[in-house]
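Survey of secondary and tertiary structure
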Amino acid sequence: MITLNVNGNTHALDADPATPLLYVLTDHLGLNGAKYGCGLGQCGACTVLVDREPVFSCVIPISVLEKRRITTLEGLGTPENPGPVQRAFIAEQAAQCGFCIPGMILRAQALLGRNPAPTPEEIRAHMAPNLCRCGTHMRILRAVARAARETKGAA
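Model, not experiment: these values are computed from the prediction. (Residues numbered from 1 in each chain as written. Predicted model: local features only at pLDDT ≥ 70, side-chain atom pairs only at ≥ 80, totals over all residues. Heavy atoms only, no water.)

**Looking at the nonpolar core**
Taken as a class, soluble globular proteins show a tendency for nonpolar side chains to be buried jointly. Where we set the bar: Put simply, a nonpolar core is a bunch of buried Ala, Val, Leu, Ile, Met, Phe, Trp, Tyr and Cys residues held in one set by side-chain atoms that sit within 4.5 Å of each other. Exposure is judged per residue with a 1.4 Å probe applied to protein chains only, and the accessible area is read against the type maximum: over 50% gives exposed, under 20% gives buried, and values in between give partly exposed. Under the DSSP-based scheme used, a helix requires at least four consecutive residues in state H or I and a strand at least two consecutive residues in state E, with every element numbered from the N terminus. Note on contacts: a residue pair is in contact if any heavy atoms of the two residues lie within 4.5 Å.
Counting 25 residues, the largest nonpolar core has Phe-89, Met-127 and Ile-140 as its most contacted members. If you list the elements that add at least two residues to this core, you get α2 (84-91), α3 (101-114), α4 (120-127) and α5 (137-151). Per-element tally for this core: the top contributor is α3, with eight residues. If we ignore the near neighbours within four places in the chain, the residues touching Ile-140 are Phe-89, Ala-94, Cys-100, Ile-101, Met-104, Met-127 and Cys-132. Counting 22 residues, the second-largest nonpolar core is a separate cluster that includes Ile-2, Leu-31, Ile-60 and Ile-62.

The following block contains the structure:
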């Protein structure tokens, strides 16, 4: 039995300790924000926050996550009341297909949690591990900058 703290809630799970977090989130907890992209930790579609740091959930086993705080897209807001970073992505129309956006939002959340006023270069460098196949990178970068301006460090 493994106990995980996901979005502020404690979950006791009967799962193989080697199971990647992504599968536990989707199959056991019904959280579908993180997406299966490459399965190799190379695209970022599965990005979640662990102790406020972005990680690829498709490659991190749940055995190393006990006593750590996991945040998924669902933990940042709701469709009715999106969080500040989510609102900025909506305002900038950063999504085309939307597949990469949950991971992008969480990566942006991590950056703004550490650095409330990143430079354009810092935003680009921080967001680089997450890929967007649709090519909305410029809108994504604008959304992160917008979130920084609008939250003034509250993200």
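**Some remarks on the packing of α3 against α5**
Rules: Each axis is a line fitted through C-alpha atoms, and for a helix only the stretch in contact is used; angles between axes span 0 to 180 degrees, taken between their N-to-C directions. Geometric relationships in this document are graded by angle, where less than 35 degrees denotes roughly parallel, more than 145 denotes roughly antiparallel, 65 to 115 denotes roughly perpendicular, and other angles denote oblique. What makes a crossing left-handed is the near helix being turned counterclockwise from the far one by less than a right angle; a clockwise turn instead makes it right-handed. In this classification, Asp, Glu, Lys and Arg are treated as charged, Ala, Val, Leu, Ile, Met, Phe, Trp, Tyr, Cys and Pro as nonpolar, and every other residue, Gly included, as polar.
As a packed pair, α3 and α5 sit with axes 10 Å apart at the nearest point and diverge in direction by 40 degrees. Considering their axes alone, α3 and α5 lie oblique with respect to each other. Both α3 and α5 take part in a crossing whose hand is right-handed. On the side of α3, the interface is formed by Ile-101, Met-104, Ala-108, Leu-111 and Leu-112, while α5 contributes Ile-140, Val-144, Ala-147 and Ala-148. Its residues placed into classes, the contact of α3 with α5 shows nine nonpolar, no polar and no charged.

**Some points on the state of the cysteines**
The condition that has to hold: Disulfide: a pair of cysteine sulfur atoms within 2.5 Å of each other.
In the structure shown here, the tally under the stated rule is zero disulfides. Sulfur of Cys-38: no disulfide; nearest cysteine sulfur belongs to Cys-43 and is 3.9 Å away. The exposure class assigned to Cys-38 is partly exposed, which follows from its relative accessible area of 26%. Unpaired in terms of disulfides, Cys-134 finds its nearest cysteine sulfur in Cys-97, a separation of 3.6 Å. Overall, Cys-134 belongs to the partly exposed group, its relative accessible area being 31%.

**Notes on the environment of Gly-41**
One can find Gly-41 in the loop between α1 (21-28) and β3 (47-50). Residue Gly-41 is classed as buried on the basis of its relative accessible area of 18%. Measuring from C-alpha to C-alpha, the distance between Gly-41 and Cys-58 comes to 6.3 Å, with 17 residues separating the pair along the chain. In this structure, Gly-41 is in contact with Phe-56, Cys-58 and Val-59, ignoring residues within four places of it in sequence.

**Regarding the environment of Gln-86**
Keep this limit in mind: For the purposes of these results, a polar contact is taken to be a pair of N or O atoms within 3.5 Å, where, inside protein, one atom must be able to donate a hydrogen and its partner to accept one; residues adjacent in sequence count only when each atom of the pair is a side-chain atom.
Turning to its location among the elements, Gln-86 is positioned in helix α2. With 47 residues separating them along the chain, Gln-86 and Gly-39 place their C-alpha atoms 25 Å apart. With sequence-adjacent residues up to four places away left out, Gln-86 is seen in contact with Leu-73, Leu-76, Gly-77 and Ile-105. A polar contact of 3.5 Å, which involves the side chain of Gln-86, links it to the backbone nitrogen of Gly-77.

**Description of the pairing of strand β1 (residues 2-6)**
Let me state the cut-off plainly: What makes two strands pair is DSSP finding at least two bridges between them.
Burial along β1 is one-sided: the residues Ile-2, Leu-4 and Val-6 are buried and none of Thr-3 and Asn-5 is. Two elements, β1 and strand β2 (residues 9-13), share five bridges in a ladder whose sense is antiparallel. The residue bridging Ile-2 from the neighbouring strand is Leu-13, located in β2. Turn length for the β1-β2 hairpin, with the two strands adjacent in sequence and antiparallel, is two residues, and the turn residue Asn-7 shows positive phi of about 55 degrees. The sheet contact formed by β1 and strand β5 (residues 69-71) spans two bridges and is parallel. Along β5, the bridge assignment pairs Asn-5 with Arg-69.

**Thoughts on the sheet that holds β1**
The sheet built from five strands is open, its strands ordered β2-β1-β5-β3-β4 with mixed pairing. The open sheet has two edge strands, β2 and β4 (53-56), and neither has a second partner. Averaged over all pairs of adjacent strands, the angle between their axes in this sheet comes to 40 degrees, without regard to strand direction. Packed on one face of the sheet, α1 meets β1, β2, β3 and β5 and runs near 80 degrees to β1. The strands touched by α3 within the sheet are β3, β4 and β5, with β3 carrying the most contacts at an inclination of about 35 degrees.

Bear in mind that shape data such as this cannot, by itself, settle questions of function.
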